[in-house]
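Results of the structural survey
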Amino acid sequence: MAESGGKVARGGDDGDGEDLERIEDLLRSLSEEDLEPFDPPDHVWAGIEAALAADPVETASTAETALTAETAAKPDSEPFPPGDDASDGSDGASTAPISLDSRRARRPPWWLAAAAAAVLVAGGAAVFVRQTDDAPVVASAQLTFDAEQFDPLGSDASARVSLVDADGRLRIAFDEARLPADLTEDADLELWLIEPDSEGQVRDLRSLGLVDVDDLGSFPIPDDVDPDRFRVVDISVEPRDGDPAHSGRSILRGALEAS
Amino acid sequence: MSGSDGALKQVYAAHGSLVYGICRRALSPEQADEVAQDVFLNAWRARSQFDPSRGTLPAWLVGITRRRVIDHLRSERRHSDRRAAEGDLPEPASEAAVERIAERMLVADAVRDLPDRAREAIQLAYVHDLTHQQISERTGRALGTVKSDIRRGLQKIRHQLETTSG
């Protein structure tokens, strides 16, 4: 099958097709020259230094004054109604409602925000710890390995994720993770949200995207996915077979519980 | 140099060429130098307004760069209008051009930050317009790997570009 211009095959319905198409258009507009960094001449920094010296900078304490932004709650929001199915399933899900009222996290000095999270590669695992705590945390999930049901690749794995409210948009962010880094097969790790039914089986599931152990980042949740229903977070091993469906080979799973 | 100056220098080292690249493509070299300095001084003074939950640091800096470049162009236009007749470049067109330059440079910067395999696959696919099959043959990697590298690269680039501020 010939595909020109690197058109991406859209397998799953992750609701982000438009965003990625726009990025593809921008990429096609780039020339090789555009990809070469244009380093500023030395006198540019010298000028900045001189201006800073002439105009004393604020102390760190005044710089940390956070904006008193309005709560990022949606206009008609109310706390999610508590689950009435009291479903425990295999994940021991809590029935506590997940509230959208944002917790105002103290914003860190900006130079900390520019620091990358630590990624240590020890043996066959990539270990990640998020260094800054920025967006308000709505709920968290401890993801664990189930030796009876899951793929053995996950036997040393663990992760903790948070559902964060980033200015009204919900995302799943990794707080900590220990993930298999050397997949010997041609495969990826993929992140899912699962809606359990009253027996704890999978009623529905949605992919949030592929997990890159070198750069975990955070994953936006599509607007039509309600995290009060899709409350189980799952990571699976997905062979590169062109099949967007869940492989059935989970390595980690856990339920979101309100913070 | 104080510790806080050291922080700005770190940010400049990481993102100076992104900011400068936009300025040089939109303005003359002298104007570019001046506006690039303004951007970093502006960013330093406004640093408490940077909210990492709303977008990445490069995206925030590019937002400041766009506004400073456009301000500069408008100010230049006001000066030249006093001297010349009207009929210069219409304002909307040149501002749209600045927006486009800024977006392109932010994407290019995100591409440079990709892990090697994804960067190579994306460059070959979009800048050199190769098919996935051609990329597979050239790099010796399986077709599925190429597609997966590209998909992950696009997701990362989207993450870099994201900003919920105007």
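As the structure is a prediction and not an experimental result, all values here were calculated from the model. (Residues numbered from 1 in each chain as written. Chains lettered and ligands numbered in written order. Predicted model: local features only at pLDDT ≥ 70, side-chain atom pairs only at ≥ 80, totals over all residues. Heavy atoms only, no water.)

1. Some remarks on the overall build of chain A
The following threshold applies: Think of it this way: any DSSP run of H or I at least four residues long counts as a helix, any run of E at least two long counts as a strand, and we number them from the N terminus. Think of it in three bands: with a 1.4 Å probe and only protein chains considered, a residue is buried below 20% of the maximum accessible area for its type, exposed above 50%, and partly exposed in between. Working rule for contacts: check all heavy atoms of both residues, and any pair within 4.5 Å makes them a contact. Only the protein chains shown count as cover for residues, with accessible areas throughout obtained via the Shrake-Rupley method and a probe of 1.4 Å.
Each helix and strand counted, chain A has 4 helices and 11 strands in total. The buried share of chain A, taken over its 259 residues, is 42%. Long-range contacts, defined as pairs at least 24 residues apart, comprise 60% of the intrachain contacts of chain A with a sequence gap of at least 6. Split by element, the accessible area of chain A, about 13,000 Å² in all, is 48% carbon and sulfur.

2. What to know about the pattern of salt bridges
Defined as follows: What counts as a salt bridge is simple: a side-chain nitrogen of Lys or Arg found within 4 Å of a carboxyl oxygen of Asp or Glu.
Following the criterion strictly, the structure yields 20 salt bridges over all chains and no others. The closest approach of N and O atoms between A:Arg231 and A:Asp228, which form a salt bridge, is 3.5 Å.

3. Brief notes about empty space enclosed by the protein
As a reminder of what qualifies: Grid points spaced at 1 Å and placed over the protein atoms alone form the basis of the search, with a cavity being a set where a 1.4 Å probe fits but cannot get out and a pocket an open set showing protein on both sides within 12 Å along at least five of seven lines. Lining residues have an atom within 4 Å of a point. Grid points are joined across faces, edges and corners, and a volume is the space filled by probe spheres set on the points. Polar here means any residue other than Ala, Val, Leu, Ile, Met, Phe, Trp, Tyr, Cys and Pro, which are nonpolar, and Asp, Glu, Lys and Arg, which are charged; Gly is therefore polar.
Considering all chains together, one arrives at 5 cavities of 30 Å³ or more under this definition. The wall of the largest cavity is formed by 16 residues, among which A:Ser218, A:Phe219, B:Gln155, B:Lys156 and B:His159 lie closest to the centre. For the lining of the largest cavity, the secondary-structure elements that each account for two or more residues are β7 (202-211) and β8 (218-220) of chain A together with α7 (143-161) of chain B. Ranked by residue count, the leading element in the lining of the largest cavity is α7(B), at 5 residues. Taken together, the residues of the lining of the largest cavity sort by class into 5 nonpolar, 4 polar and 7 charged.

4. Some points on helix α5 (residues 116-127) of chain B
All names here are of chain B. For the record, the criterion: By this rule the span expected of a helix is its residue count minus one, scaled by 1.5 Å.
Taking 1.5 Å per residue as the helical rise, α5 with its 12 residues ought to reach 16 Å, and the 15 Å between its terminal C-alpha atoms agrees with that figure. By the burial criterion, the buried members of α5 are Ala 118, Ala 121, Ile 122, Leu 124, Ala 125, Tyr 126 and Val 127. Of the residues one or two after α5, Asp 129 is the one with positive phi, at around 60°.

5. What about the interface of chain A and chain B?
Test applied: In protein, a polar contact means a hydrogen-donor-capable atom and an acceptor-capable atom, both N or O and within 3.5 Å, with residues adjacent in sequence counting only if both atoms are side-chain atoms; elsewhere, any N or O pair within 3.5 Å suffices.
Contacts between the two partners involve 66 residues from chain A and, on the opposite side, 69 residues from chain B. The interface formed by chain A and chain B holds 4 salt bridges in total. Taking the shortest distance from any N to any O, the salt bridge between A:Asp34 and B:Arg104 comes out at 3.0 Å. Inspection of the chain A/chain B interface yields 12 residue pairs in polar contact (both at pLDDT 80 or more). Mapped by element, the contributors of at least two residues to the side of chain A that touches chain B are α1 (17-28), α2 (42-54), α4 (110-113), β6 (187-196), β7 and β8 of chain A.

6. Structural notes on the environment of B:Ile150
Here B:Ile150 shows up in helix α7. On a C-alpha basis, the gap between B:Ile150 and B:Glu120 in space is 9.0 Å, while along the polypeptide they are 30 residues apart.

7. Thoughts on unusual backbone geometry
A negative phi angle is the norm for most residues apart from glycine, just as the trans form is the norm for most peptide bonds. We note that B:Asp129 has phi near 60°; this positive angle belongs to a residue other than glycine. The residue B:Asp129 is located in the loop between α5 and α6 (132-139) in this model.

8. As for the packing of α1(A) against α5(B)
The condition is simple: To obtain each axis, a line is fitted to C-alpha atoms, and for helices this fit is confined to the stretch in contact; angles are then taken between N-to-C directions over 0 to 180 degrees. In this scheme, roughly parallel covers angles under 35 degrees and roughly antiparallel covers those over 145, while 65 to 115 is roughly perpendicular and the rest are oblique.
Between α1(A) and α5(B), the least distance of the axes is 8 Å, while the angle of their chain directions is 75°. Relative to α5(B), α1(A) is oriented roughly perpendicular. Where α1(A) abuts α5(B), its residues A:Glu24, A:Leu27 and A:Arg28 lie against B:Ile122, B:Tyr126 and B:Val127.

9. Section: the pairing of strand β10 (residues 250-255) of chain A
Residue and element names in this part refer to chain A. Note the threshold: Pairing between strands is defined by DSSP: at least two bridges between them are needed.
For β10, a buried count of 5 out of 6 residues is recorded, marking the element as mostly surrounded by other parts of the structure. Pairing of strand β9 (residues 232-239) with β10 involves 5 bridges; the strand directions are antiparallel. Paired with Ile 235 across the two strands is Leu 252, which belongs to β10.

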